[in-house]
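Listed below are the residues making up each chain.
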Amino acid sequence: MNESQPTEFQEFLETAEPASLGPEGRPGCQSVEELERALAPLLERGRFPAERRDLVRALLLLWHDHLDEAHEIAQNIHGAEGSYVHGIMHRREPDYGNAKYWFHRVGRHAAFAALARRAGSMAVSEADKKLLARIRQKEVWDPFLFIDACQRARSSAPQDEPFLRQLQKLEFATLLEQIAPRP
């Protein structure tokens, strides 16, 4: 996958602000109906198998703060990608233990290597570099440490939340590329 060529689905991640680490909604997100209507022709044109279409739908519904709808889809998709989307949903819920359960089911995902590589250039401040070093130890993306960082930001380190939200957006974009690569 050429990392410099985003898929046509990436435009759905361009919202006024990145998704929250929690369940709260944001202004400017598309409704379920708007998303489904906009995605339908792209998914049809891409000729993706049904499971891939559902993964794209679940991930983008989750990005647009429709956790229940994303959960309904993700829980019926077996395999690493379905578990990945399911884990993100529980991380945002927040149900951190359940998120870790689903990430255990993911195993070693190809998106982790791309995340580890791409995240390095995002950390500009010393605080962001330290935070990233805790999540990406020895240049390896650790989804469990990312869950811990999200939990810590929500409970006692709100100063970390903006950078973690940017990392989460990178995670969504990277997973989206894995699920629906450009032909």
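What counts, and at which threshold
As a convention, each chain's residues are numbered from 1 in the sequence order in which they are written. Where totals are concerned, whole chains, interfaces and linings use all residues; where local detail is concerned, this predicted model gives features only for residues with pLDDT of at least 70, and gives and counts side-chain atom pairs only at 80 or more. The side-chain quantities take in all heavy atoms of the structure and omit both hydrogens and water. A run of DSSP states H or I qualifies as a helix once it reaches four residues; a run of E qualifies as a strand once it reaches two. Both are numbered from the N-terminal end. Only protein chains enter the accessibility calculation, which uses a 1.4 Å probe; a residue is then buried when its area is under 20% of its type maximum, exposed when over 50%, and partly exposed in between. Think of each axis as a best-fit line through the C-alpha atoms, taken over the contacting stretch in the case of a helix, with angles from 0 to 180 degrees between the N-to-C directions. Roughly parallel covers angles under 35 degrees, roughly antiparallel covers those over 145, roughly perpendicular covers 65 to 115, and oblique covers all other angles. Note: crossing handedness is left-handed where the near helix turns anticlockwise from the far helix by less than a right angle, and right-handed where it turns clockwise. Only heavy atoms matter for contacts: two residues are in contact if any of them lie within 4.5 Å across the pair. Just so you know the grouping, Ala, Val, Leu, Ile, Met, Phe, Trp, Tyr, Cys and Pro go in nonpolar, Asp, Glu, Lys and Arg go in charged, and all remaining residues, Gly too, go in polar. A helix's residues, less one, multiplied by 1.5 Å, set its expected span. In what follows, salt bridge is the name for a side-chain nitrogen of Lys or Arg lying within 4 Å of a carboxyl oxygen of Asp or Glu. For every residue, the predictor assigns a confidence score, pLDDT, that lies between 0 and 100.

Take the environment of Pro-181 next. Following the sequence through the fold, Pro-181 ends up in the segment after α9 (161-179). On the basis of relative accessibility, which here comes to 37%, the residue Pro-181 falls in the partly exposed class. It is 22 Å that separates the C-alpha atoms of Pro-181 and Gln-75, two residues lying 106 residues apart in sequence.

Right, let's get into the packing of helix α2 (residues 50-63) against helix α3 (residues 67-74). Running from N to C, α2 and α3 point in directions that differ by 155 degrees, and their axes come no closer than 8 Å. Classed by the angle they form, the pair α2 and α3 counts as roughly antiparallel. The hand of the α2/α3 crossing is left-handed. When α2 is examined against α3, the residues Asp-54, Arg-57, Ala-58, Leu-61 and Leu-62 are found in contact with a partner set consisting of Leu-67, Glu-69, Ala-70, Ile-73 and Ala-74. Partitioning the contact of α2 with α3 into residue classes produces 7 nonpolar, no polar and 3 charged.

This part covers the side chain of Asp-160. By secondary structure assignment, the location of Asp-160 is in the loop between α8 (143-155) and α9. The contacts of Asp-160, once residues within four sequence positions are left out, are Leu-131, Arg-134 and Ala-153.

Glancing now at helix α4 (residues 80-92). When the terminal C-alpha atoms of α4 are compared, their 18 Å separation across 13 residues agrees well with the 18 Å that a helix rising 1.5 Å per residue should span. With respect to burial, α4 is a largely interior element, 11 of its 13 residues being buried. Taken as a whole, α4 has its buried residues at Gly-82, Ser-83, Tyr-84, Val-85, His-86, Gly-87, Ile-88, Met-89, His-90, Arg-91 and Arg-92. Where α4 is buried, its residues touch α2, α3, α5 (96-106), α6 (110-119), α8 and α9.

A side chain of one charge can pair with a side chain of the opposite charge if their charged atoms are brought near each other. Inspection of every chain in the model, using the stated rule, returns 15 salt bridges. Glu-171 is paired through a salt bridge with Arg-91; the nearest N and O atoms lie 2.6 Å apart. One end of the pair, Glu-171, is in helix α9; the other, Arg-91, is in helix α4, and 80 residues separate them in sequence. The class for Glu-171 is buried, based on a relative accessible area of 1%. The class for Arg-91 is buried, based on a relative accessible area of 1%. Measuring nitrogen to oxygen at the nearest pair gives 3.4 Å for the salt bridge that ties Arg-136 to Glu-139. One salt-bridge network, in which partners are shared between bridges, spans Glu-24, Arg-154 and Glu-161.

This next bit is on the confidence of the model for the protein. In the predicted model, the protein carries a mean pLDDT of 93, and the fraction of residues at 70 or more is 96%. The secondary structure element of the protein with the lowest average pLDDT is helix α1 (residues 32-46), at 93, and the one with the highest is α5, at 98. For residues 1-5, every residue scores under 50 in pLDDT, and the model assigns this stretch 9 contacts once sequence neighbours within four places are set aside.

Below, the discussion takes up the environment of Ala-58. Position of Ala-58 relative to the elements: it lies in helix α2. Placed 95 residues apart in sequence, Ala-58 and Ala-153 show a C-alpha to C-alpha distance of 25 Å. Not counting residues up to four positions away in its chain, the partners in contact with Ala-58 are Ala-70, Ile-73, Ala-74 and Val-85.

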